[in-house]
Amino acid sequence: KQEVTQIPAALSVPEGENLVLNCSFTDSAIYNLQWFRQDPGKGLTSLLLIQSSQREQTSGRLNASLDKSSGRSTLYIAASQPGDSATYLCALGDSGYALNFGKGTSLLVTP
Amino acid sequence: SQTIHQWPATLVQPVGSPLSLECTVEGTSNPNLYWYRQAAGRGLQLLFYSVGIGQISSEVPQNLSASRPQDRQFILSSKKLLLSDSGFYLCAWARTVSNEQYFGPGTRLTVT
């Protein structure tokens, strides 16, 4: 069974800092990997989708990379802002229908 | 563009009462539909998925059931709620099994 781990569990940074969130997984036989953002009490917002044949995807200040051989993905956030404060979740799609989620990294960006 | 709706947004129900949560998707046809539950301190767990009208698959044995009476409508039900059914229920859709999943706003269920 796919195990997804996100480190760190929580992170606090000052505004303007660049930061990296980490996601590791145990089974490299994946279809894709998605990064989501979840604000308190809200649903999930999809940030980036990386297909298994891709190495990275970029959207604005966000860049996500995928290294299947090492079982790792990173989400890079440039020039962080207080509005980036949220929980970030990575999820892997494989041969089943479920997305396998990590427990998330709670990010706080302080002004 | 596509939109996914869930209602109600919050619900407080006593143990033993029935449950019906609804999810609808607009702007697409024949989507894959999913019900997830997010319990406090735990990750998201897939409960049910559907690839078409009347086609429901369950990922875990539980006190809940799902139905898809129309192409873009997905319903989560229970005849008798348990305390352990409390959680945040999220509906999601995707074009295919390998495509990006899009989530609704969720329903917060508290069973008392």
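What comes next concerns the included structure. Predicted model only: the values in this text are computed from it and were never measured. Within each chain, residue numbers correspond to sequence positions counted from 1 in written order. To label them, take the chains in the order written and letter them from A, then take the ligands in the order written and number them from 1. Given that the model is predicted, a residue must reach a pLDDT of at least 70 before its local features are reported, and side-chain atom pairs must reach 80 or more before they are shown or counted; all residues, however, enter totals for whole chains, interfaces and linings. Computation of side-chain values covers all heavy atoms of the structure but excludes hydrogens and water.

### Notes on the environment of Leu81 of chain B
All names here are of chain B.
Part 1 of the reasoning: Helical segments are the DSSP runs of H or I of at least four residues, strand segments are the runs of E of at least two, and each set is numbered from the N terminus. The residue Leu81 is located in the loop between strand 8 (73-78) and strand 9 (87-94) in this model.
Part 2 of the reasoning: Burial here depends on accessible area, computed with a 1.4 Å probe over protein chains only, as a share of the maximum for the residue type. Under 20% is buried, over 50% is exposed, and the range in between is partly exposed. Leu81 sits in the buried class, given a relative accessible area of 0%.
Part 3 of the reasoning: Sequence separation of Leu81 and Gly106 is 25 residues, and the distance between their C-alpha atoms is 18 Å.
Part 4 of the reasoning: Residue contacts are counted whenever heavy atoms from the two residues lie within 4.5 Å of one another. In this view, Leu81 contacts Gln13, Pro14, Val15, Gly16, Ser17, Pro18, Leu19, Asn63, Leu109 and Val111; residues no more than four positions away in its chain are not counted.

### A closer look at the side chain of Ser50 of chain B
Residue and element names in this part refer to chain B.
Part 1 of the reasoning: Examined against the element boundaries, Ser50 turns out to sit in strand 5 (residues 44-52).
Part 2 of the reasoning: For Ser50, a relative accessible area of 1% puts it in the buried group.
Part 3 of the reasoning: Of note is the side chain of Ser50, whose polar atom sits 2.9 Å from the backbone oxygen of Gly52.
Part 4 of the reasoning: A distance of 2.6 Å separates a polar side-chain atom of Ser50 from the backbone oxygen of Gln55.
Part 5 of the reasoning: With sequence-adjacent residues up to four places away left out, Ser50 is seen in contact with Pro31, Asn32, Leu33, Gln55, Ile56, Arg68 and Phe74. N or O atoms closer than or at 3.5 Å make up a polar contact, with two conditions inside protein: a donor-capable atom paired with an acceptor-capable one, and, for residues adjacent in sequence, both atoms drawn from side chains.

### Digging into the interface of chain B and chain A
Part 1 of the reasoning: Between chain B and chain A, the contact holds 22 residues from the first and 19 residues from the second.
Part 2 of the reasoning: The contact between chain B and chain A buries some 1,600 Å² in all, and 61% of this surface belongs to carbon and sulfur atoms.
Part 3 of the reasoning: Each salt bridge in this description consists of a side-chain nitrogen of Lys or Arg and a carboxyl oxygen of Asp or Glu lying within 4 Å of one another. The interface formed by chain B and chain A includes 0 salt bridges.
Part 4 of the reasoning: Counting across the chain B and chain A interface gives 5 residue pairs in polar contact (both at pLDDT 80 or more).
Part 5 of the reasoning: Of all elements in the fold, only strand 4 (32-38), strand 5 and strand 9 of chain B reach the threshold of two or more residues within the side of chain B that touches chain A.
Part 6 of the reasoning: Gly counts as polar in this scheme, as do all residues outside two lists: the nonpolar Ala, Val, Leu, Ile, Met, Phe, Trp, Tyr, Cys and Pro, and the charged Asp, Glu, Lys and Arg. Along the lines of polarity and charge, the residues of the side of chain B that touches chain A split into 11 nonpolar, 8 polar and 3 charged. Summed over both partners, buried area is the accessible surface (1.4 Å probe) that two parts give up on being assembled.

### Details of the pairing of strand 6 (residues 55-58) of chain B
Residues and elements named next belong to chain B.
Part 1 of the reasoning: What makes two strands pair is DSSP finding at least two bridges between them. Here 3 bridges tie strand 5 to strand 6, and the two strands are oriented antiparallel to one another. Bridge assignment links Gly52 to a residue of strand 6, and that residue is Gln55.
Part 2 of the reasoning: Linking strand 5 to strand 6, which pair antiparallel, is a turn of 2 residues; within it Gly54 sits at a positive phi near 75 degrees.

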